[in-house]
Structure formats: C-alpha cells, structure tokens
Amino acid sequence: MFKPACPHCLSTDVRRSRWTNGTERRQHRLERPYRCRGCKRRFFVYRRRLVFGSILTAVLLMLGVGLASYLEFRDDVSGGLRAKRERDAGSAELLSRANAGDAEAQYLVAILMLEGKGGFQKSQAEAVKWLNRAAERGHADAQLQLGLAFKSGNGILQDFGEAKRWFAKGASRGHAESQYQLGLLYRSGQGVPFDFVEAYAWFNRAASQGLQPATVARDELVTLMRPEQVAMAQARSRHDSAQTEDGGDKSSAAAAAPQVGSDQGPVAARSTASRPK
C-alpha cells in the first residue's frame, strides 16, 4: 500500500487528515490531506488514481481530436481531388464543344478564362480570342463583352471604333446592356460622333427593358439637352418602337432614323446642335 513521506521531516509515520473546510477541498481537488505524527504538520499528496485518470482522459481527448482532424483533412483532400477531377472533366468537355463551334461554350470558356476559374488558366488575351469567336457567331453576351474589352483595352488594343461595332451588333438584336453601352459612347463621343439625341435614343431603348443604369443615364442626359433635342430624341424612340412592333429588324429601325453628322436634310443642322452650349 502506498504510504507518503512527510515533505518536511521525511518521516513515513503519517496519517490521513480531514479537510478543514470546503474551500480547501476545492483548492486541492486532486490531492488528499495528510498529517505527520512526527512533526505534526499537514501536507497534501496527489491521488494517483485521479491524476492517472486525468492524464488518460487528456491523452484520449487529444487522440480523439487528432483522429477527427485527420479524418476531416482526408475528406477535404479526397473531396478536393474528386472536385478537381470533375472540374477537369467538365472543362475538357466544355473546351471540346467550344472547338466544335458551339457559341455558348465559346462564351463560357472566355468568361472562365477572364476569371481564372473552372480549371482554366487566367488569360485576358486568350479570353478575348474566344469572345471574338462567339461574337462572330452572333452570341449577344459575347458581343457585349468583346465591346467592353475593346473599350477598356483589356487583353486587346483599345479601339473605340471596334467597341462601337460590337455594341451595335448586340444593340440591334435588342440586347439591353449593349444598347446602354452604345448610348455611353454617343454621350461621350468615343468612336462615334458626339450626339446627345442618339445617346438618348439608345438609353431609352435599354431603359424600356428595365435596365436601371440606362434609366438613370437617360434622365440625367435630359437635363443637359435643349427642348428641341429632347423632342427629336423622343421622336426617334417612337420611330424605333414602331419599327420593332411592325416586326422590322431593330437594326433597320436604327438605320432608318436620321443619323447625326450626315449632310442630308435637317440632320446637318442637328450635328452642330448636339453639343450643349
């Protein structure tokens, strides 16, 4: 039987002592009180079972935490590898469709390359090439993104004329964002003649489809226009709307409308009146 020695006189002639109060017991919860018969002094000794049990519990707890962390890490790794394989397979399939001439696939490849996602390496230049392929096949969203690339010079040489060309292609097919972007070009005179009337007409068409930025831009533009310019712009919008309702192509409606900057008819007077004085 284990019998402790007094830490003061090293005598083993000791006996169990009682707790003096509850506070002492709480302070020494892993120990037992003893009193030496030789020097009459009290001391405390750790209870081996409790200490061993505490150590064992701590060890088991650490093992449990370690095992749980390992299993979680293993699941993350296996899940990540599985997701990567699935992503790579999806990317390969998407790229195959894009190479086969699928315009939607070409557009998606371009967007993924712009963002560096879906297993594709981020590359602005390569993304623009795929956007061009999709845009050439008439993909309206690709035409918009290609126009934005030319406007910003992101991944390609900046060219406002090309930006206008691609915005116009999408705008003529009723693409609201392209109509809004075309209006911005006419409002600022980038790649096109400076023309508030033309800008208003495109903003108005985009706003009629619920594009909020176009509504804001149109309403702000009105405050910079003279009354006769507003009247001309609204007449232009009514003309375009009538053409569309009659089943005519929106591009033909735009072509039928008076063009700013020409030398024909009343438009010549408007070309110099478009810029506010």
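Residues numbered from 1 in each chain as written. Predicted model: local features only at pLDDT ≥ 70, side-chain atom pairs only at ≥ 80, totals over all residues. Heavy atoms only, no water.

Novice: Please set out the packing of aromatic side chains residue by residue, giving values where relevant.
Specialist: Applying the stated rule across the entire model yields 4 aromatic pairs. Its end group placed over the ring of W130, R133 keeps NZ or CZ at 4.2 Å from the ring centre. Positioned above the aromatic ring of W166, the side-chain terminus of K169 is 5.6 Å from the ring centre. (Phe/Tyr/Trp six-rings, centres within 6.5 Å; stacked < 30°, edge-to-face > 60°. Lys NZ or Arg CZ within 6 Å of the ring centre and 35° of its normal.)

Novice: So what's going on with the sheet that holds strand β2 (residues 31–36)? Residues and values would help.
Specialist: Whenever strands of a sheet pair, they do so through backbone hydrogen bonds, lying parallel or antiparallel. The strand order β1-β2-β3 describes an open sheet built from 3 strands, whose pairing is antiparallel. A single partner strand is all that each edge strand has here, and the edge strands are β1 (14–16) and β3 (42–46). On average, adjacent strands in this sheet sit at an angle of 40 degrees to one another, irrespective of strand direction. Pairing of β2 with β3, which is carried by 5 bridges, proceeds in the antiparallel orientation. Paired with P33 across the two strands is F44, which belongs to β3. (Pairing = 2+ DSSP bridges. Helix = DSSP H or I, 4+ residues; strand = E, 2+ residues; numbered from the N terminus. Axes fitted to C-alpha atoms, helices over the stretch in contact; angles between N-to-C directions.)

Novice: With reference to specific residues and values, describe the packing of helix α4 (residues 124–136) against helix α5 (residues 140–152).
Specialist: Between α4 and α5, the least distance of the axes is 8 Å, while the angle of their chain directions is 135 degrees. Overall, the two elements α4 and α5 adopt an arrangement that is oblique. Taken as a pair, α4 and α5 cross one another with a handedness that is left-handed. Facing V128, L131, N132, A134 and A135 of α4, the residues of α5 in contact are A142, Q143, Q145, L146 and A149. (Parallel < 35°, antiparallel > 145°, perpendicular 65-115°, else oblique. Left-handed = near helix turned anticlockwise from the far one by under 90°. Contact = heavy atoms within 4.5 Å.)

Novice: Account for the packing of α5 against helix α6 (residues 160–172), naming residues and giving values.
Specialist: Axis separation between α5 and α6 bottoms out at 8 Å; the angle between their running directions is 165 degrees. In terms of axis orientation, α5 runs roughly antiparallel to α6. Every pair of crossing elements has a handedness; the one defined by α5 and α6 is left-handed. The segment α5 lies against α6, with Q143, L144, L146, G147, L148, F150 and K151 engaging F160, E162, A163, W166, F167, K169 and G170. Its residues assigned to classes, the contact of α5 with α6 shows 8 nonpolar, 3 polar and 3 charged. (Nonpolar A, V, L, I, M, F, W, Y, C, P; charged D, E, K, R; others polar.)

Novice: Could you give me a rundown of the pattern of salt bridges, with the residues and numbers involved?
Specialist: This model, assessed by the stated rule, comprises 11 salt bridges. A salt bridge links E115 to K117, with the nearest nitrogen and oxygen atoms 3.9 Å apart. What makes E115 partly exposed here is its relative accessible area of 45%. For E162, the salt bridge is made with R165, and the minimal N-O distance between the two is 3.0 Å. Taken together, the residues span about one helical turn, with E162 and R165 both in helix α6 at a distance of 3 residues. Each of E198, R205, R236 and D240 takes part in one network of salt bridges that share partners. (Salt bridge = Lys/Arg side-chain N within 4 Å of Asp/Glu carboxyl O. Buried < 20%, exposed > 50% of the residue type's maximum accessible area, 1.4 Å probe, protein only.)

Novice: Tell me what's going on with the environment of A231, and back it up with residues and numbers.
Specialist: If you trace the backbone, A231 turns up in helix α10 (residues 227–245). Owing to a relative accessible area of 42%, A231 belongs among the partly exposed residues under this scheme. Through-space distance from the C-alpha of A231 to that of V197 is 9.0 Å; in sequence the pair is 34 residues apart.

Novice: Run through the environment of K40, naming residues and quoting values.
Specialist: If you trace the backbone, K40 turns up in the loop between β2 and β3. A residue is classified by how much of its surface remains accessible, and K40, at 55% relative accessible area, is exposed. Through-space distance from the C-alpha of K40 to that of C9 is 9.9 Å; in sequence the pair is 31 residues apart.

This is a description of form; function is not addressed.
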